[in-house]
Amino acid sequence: MSAIVPKDAEKARVSAKSNELHTRERREVRKLTTLMEFGRQLMDSTNPKTTFSHLLETLGRYHGIIRSFIMLVGADEKIRIEASHGLADDASRRVTYRIGEGVVGRVVESGKPVVVPRTSQEPLLLNRLRGQELSPTKKEMSFICVPILISGKAVGAIGADRIYKEERDYDRTTKFLSVVAAMIAQSLKVEQRVAADKQQLLDENIHLKQELRERYDFSRIVGNSNPMRQVYQQVTQVARTNTTVLIRGESGTGKEMIAQAIHYNSLRAGKPFVKVSCAALPETLIESELFGYEKGAFTGAQARKKGRFELADGGTLFLDEIGDLDLSTQVKLLRVLQEREFERLGGTETIKVNVRVIVATNKDLEQAITNGQFREDLYYRLNVFAIFMPPLRERKPDILLLAEHFVEKFEREHGKRIKRISTPAIDMLTSYHWPGNVRELENVIERSVLVCESNVIHGHHLPPTLQTAEGSDTVNRTSLVSAIEAYERDLIQDALKTARGNRAKAAKILDSTERIIGYKVKKYGISCDRYRM
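Residues numbered from 1 in each chain as written. Predicted model: local features only at pLDDT ≥ 70, side-chain atom pairs only at ≥ 80, totals over all residues. Heavy atoms only, no water.

Caption draft 1: Expanded view of the overall build of the protein. Broken down by element type, the protein carries 19 helices and 17 strands. Considering the protein as a whole, with its 533 residues, one finds that 43% of them fall into the buried category. Nonlocal contacts in the protein, meaning residues at least 24 apart in sequence, comprise 67% of its contacts between residues at least 6 apart. With the model as given, the accessible surface of the protein reaches about 29,700 Å², and the carbon-plus-sulfur share is 51%. (Helix = DSSP H or I, 4+ residues; strand = E, 2+ residues; numbered from the N terminus. Buried < 20%, exposed > 50% of the residue type's maximum accessible area, 1.4 Å probe, protein only. Contact = heavy atoms within 4.5 Å. Areas by Shrake-Rupley, 256 points an atom, 1.4 Å probe, with all protein chains shown as cover.)

Caption draft 2: Representation of the nonpolar core. Ranked by internal contacts, the top residues of the largest apolar core, which has 29 residues, are F309, L317, L319, I322, L333 and F374. Of all the elements in the fold, those that place two or more residues in this core are β8 (273-277), α8 (283-291), β11 (316-320), α10 (327-339), β14 (356-361), α11 (365-370) and α12 (376-382). Looking at this core element by element, the count peaks at four residues for α10. Of all hydrophobic cores here, the second largest spans 26 residues; its members include L56, L59, I144 and I184. (Core = buried A, V, L, I, M, F, W, Y, C linked by side-chain atoms within 4.5 Å.)

Caption draft 3: Local environment of empty space enclosed by the protein. Scanning the entire structure with this criterion turns up one cavity of 30 Å³ or more. Looking at the largest cavity, its volume works out to about 40 Å³. Together, T34, E37, F38, Q41, H54, L55 and T58 line the largest cavity. For the lining of the largest cavity, the leading source of residues is helix α1 (residues 4-44), giving four residues. Grouping the constituent residues of the lining of the largest cavity by class yields two nonpolar, four polar and one charged. (1 Å grid on protein atoms, 1.4 Å probe; cavity = no way out; pocket = protein on both sides within 12 Å on 5 of 7 lines; lining within 4 Å. Points joined across faces, edges and corners; volume = space filled by probe spheres on them. Nonpolar A, V, L, I, M, F, W, Y, C, P; charged D, E, K, R; others polar.)

Caption draft 4: Representation of the pairing of strand β2 (residues 78-85). In terms of strand pairing, strand β1 (residues 67-73) meets β2 through six bridges, oriented antiparallel. Looking at the pairing, V73 lines up with I79 of β2. Where β1 folds back on β2, the antiparallel hairpin that results is connected by four residues, among which E77 adopts a positive phi of roughly 70°. The sheet contact formed by β2 and strand β3 (residues 96-98) spans three bridges and is antiparallel. Opposite R80, over in β3, you have T96 as the bridge partner. (Pairing = 2+ DSSP bridges.)

Caption draft 5: Examining helix α19 (residues 514-524) more closely. Of all the positions in α19, only I517, G518, K520, V521 and Y524 are classed as buried. Taken down its axis, α19 places every buried residue within 165° of arc, on the same side. Counted as exposed and oriented over 90 degrees from the buried face of α19: R515, Y519 and K522. Check the buried side of α19 and you find it contacts α17 (480-498) and α18 (503-509). (Arc of directions from axis to C-beta.)

Caption draft 6: Examining the packing of aromatic side chains more closely. Scanning the entire structure with this criterion turns up nine aromatic pairs. Ring centres of F291 and F342 lie 5.6 Å apart, and the angle between their planes is 45°; this geometry places the pair in the tilted category. Here F291, found in helix α8, pairs with F342, found in strand β12 (residues 341-343); they are 51 residues apart in sequence, far enough to count as distant. Owing to a relative accessible area of 2%, F291 belongs among the buried residues under this scheme. A relative accessible area of 3% means that F342 is categorised as buried. By the ring-pair criterion, three or more aromatic residues cluster together here, those being Y264, F273 and F318. Lying across the ring of Y524, R489 places its NZ or CZ 5.8 Å from the centre. (Phe/Tyr/Trp six-rings, centres within 6.5 Å; stacked < 30°, edge-to-face > 60°. Lys NZ or Arg CZ within 6 Å of the ring centre and 35° of its normal.)

Caption draft 7: Fine view of the sheet that holds strand β7 (residues 245-249). Strand order in the open sheet formed by five strands is β8-β11-β14-β7-β15, and the pairing between neighbours is parallel. Edge positions in the sheet fall to β8 and β15 (385-389), since each of these pairs with one other strand and no more. Averaged over neighbouring strand pairs, the angle between their axes works out to 20° when direction is ignored. Of the strand pairs in this sheet, β7 and β14 are connected by four bridges, and their pairing is parallel. Bridge pairing in β14 places L246 opposite V359. Set on the sheet, helix α6 (residues 226-238) makes contact with β7, β14 and β15; between it and β15 the angle comes to about 155°. (Axes fitted to C-alpha atoms, helices over the stretch in contact; angles between N-to-C directions.)

Caption draft 8: Region of the structure containing the environment of T316. Examined against the element boundaries, T316 turns out to sit in strand β11. Exposure remark for T316: the relative accessible area of 0% places this residue in the buried category. T316 sits 41 residues away from K275 along the chain, and the two C-alpha atoms are 8.4 Å apart. Apart from residues lying up to four places away in sequence, T316 is in contact with H263, R268, P272, F273, V274, V355, R356 and I358. At 2.7 Å, the side chain of T316 and the side chain of H263 are in polar contact. (Polar contact = N/O pair within 3.5 Å; in protein donor to acceptor, adjacent residues only side chain to side chain.)

Caption draft 9: View of the environment of L337. As for its placement among the helices and strands, L337 is situated in helix α10. For L337, a relative accessible area of 4% corresponds to the buried category. In this structure, the C-alpha to C-alpha distance between L337 and L378, residues 41 residues apart in sequence, is 8.9 Å. Apart from the residues lying within four places of it in its own chain, the contact partners of L337 are V357, L378, R381 and L382.

Caption draft 10: Region of interest: the pattern of salt bridges. The final tally for this structure, using the stated rule, is 26 salt bridges. A salt bridge links D169 to R172, with the shortest nitrogen-to-oxygen separation between them at 3.3 Å. Owing to a relative accessible area of 39%, D169 belongs among the partly exposed residues under this scheme. Measuring nitrogen to oxygen at the nearest pair gives 2.8 Å for the salt bridge that ties D377 to R375. If you follow the salt bridges from partner to partner, you end up with E294, R304, E310 and R344 in one network. (Salt bridge = Lys/Arg side-chain N within 4 Å of Asp/Glu carboxyl O.)

Caption draft 11: Here's a closer look at the sheet that holds β2. Taken in spatial order, the six strands line up as β3-β2-β1-β6-β5-β4 in an open sheet, and their pairing is antiparallel. Since the sheet does not close on itself, it has two edges, and those belong to β3 and β4 (114-116), each with one partner. The average angle at which neighbouring strand axes cross in this sheet is 20°, direction not considered. The sheet contact formed by strand β5 (residues 141-150) and strand β6 (residues 153-163) spans 10 bridges and is antiparallel. The residue of β6 that forms the bridge with L149 is A154.

The structure is reproduced here in structure tokens:
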């Protein structure tokens, strides 16, 4: 009998140890499950702070945490509760700590965890949350507080109350809460980056909108000729209204720039400016582009798509080349202009929009009406306030201003250093009839900047279309002698311009003599007085 007792005791000890191991394993599995679940919630949530309360509730339900909280450092350097469990929510959120104050403040200050085995015996524990417990208890409690660290700096802390047990392994609990704190820190770091990116995008958006306002401020549009002054006056009159505007003029005169100037100087400047080229879209697509379509409206319509009218809601819709719009679409456009509503292609829902419409055309709409190509009622609806963009040949005083503007633009783009345009080149520019208007002038200047190897644009840098134009002094001169004379005259005029008509200085610039320069001036009929200021 005496031999059996030790065996029974040994079995009991083995059984107890086995039960303890099983219990510990279950706890570890439960901890891993909690961490995995919490990690998934943080990944799925766009705002990680919304998951904090659920996490603390899980800690209380499965890990013996009686009360807990997550505190974060605010912009005012005060530590406040972000989420809690087992505490009165409203009252506890009013509790704050300063960095270095109490146990929580010291954890944030030092960045190291603190364990208080018996809270009743710790003088540093301020117990500001006492009385806020949802389920008060008289049992002795233990308090564990771990920091939430981002890049080595504490941005908050996790605090947890557990019932005091002398044999409790606080090191395991501290490590577990430290892992939770690390996951929270990572989610906060990601949130901070997202917030910073959003703020950067917002700042860039504000900056870009300001740039657009400045760029399309009509006072910055190049040109001060009488026809352009009349355009500026009309833009000023109509910009801050909601009136439909019809901009007419030849291709390349800058109709789109005037439309943008109207928008960015209007009360709708902060809203979208949406542009549509009616000539660039085929008849089969223009309707769906303007009004959108529903899923399944036609083959290939895999999802609903908003049209340009919806995208421009609150802002301005610019319809370029309105004269190329087909008659069936003209009917629908007329209805939108009258009723401010439409249906998407393949849909029945009526959509109301608040859009200002600006249209432009280079066609003779009156003749198009006579030919049956444009609806008369739509014409009268669009022709509320008409602005005529003058062709460049009627703005001779603006040609030099525009040319200098484009030189500055393209010398920056192409890394060139162009000081000026020579006098003969200016004469060639002003004598040309510019059928392509400002757009053609821009292309000519870009080409000239590219081929110019010096810091002055001369006549031979301009394209042949200008060099053979009337008034360029190169008409029908194809011989070598004629080309050399033209180039020589160009150089002498440039030198005289630099020397302000002084032939002696001009000769020095050209490394020649005053007698030779005088002879050449007489030969080519150059007036020195023209260059004196």
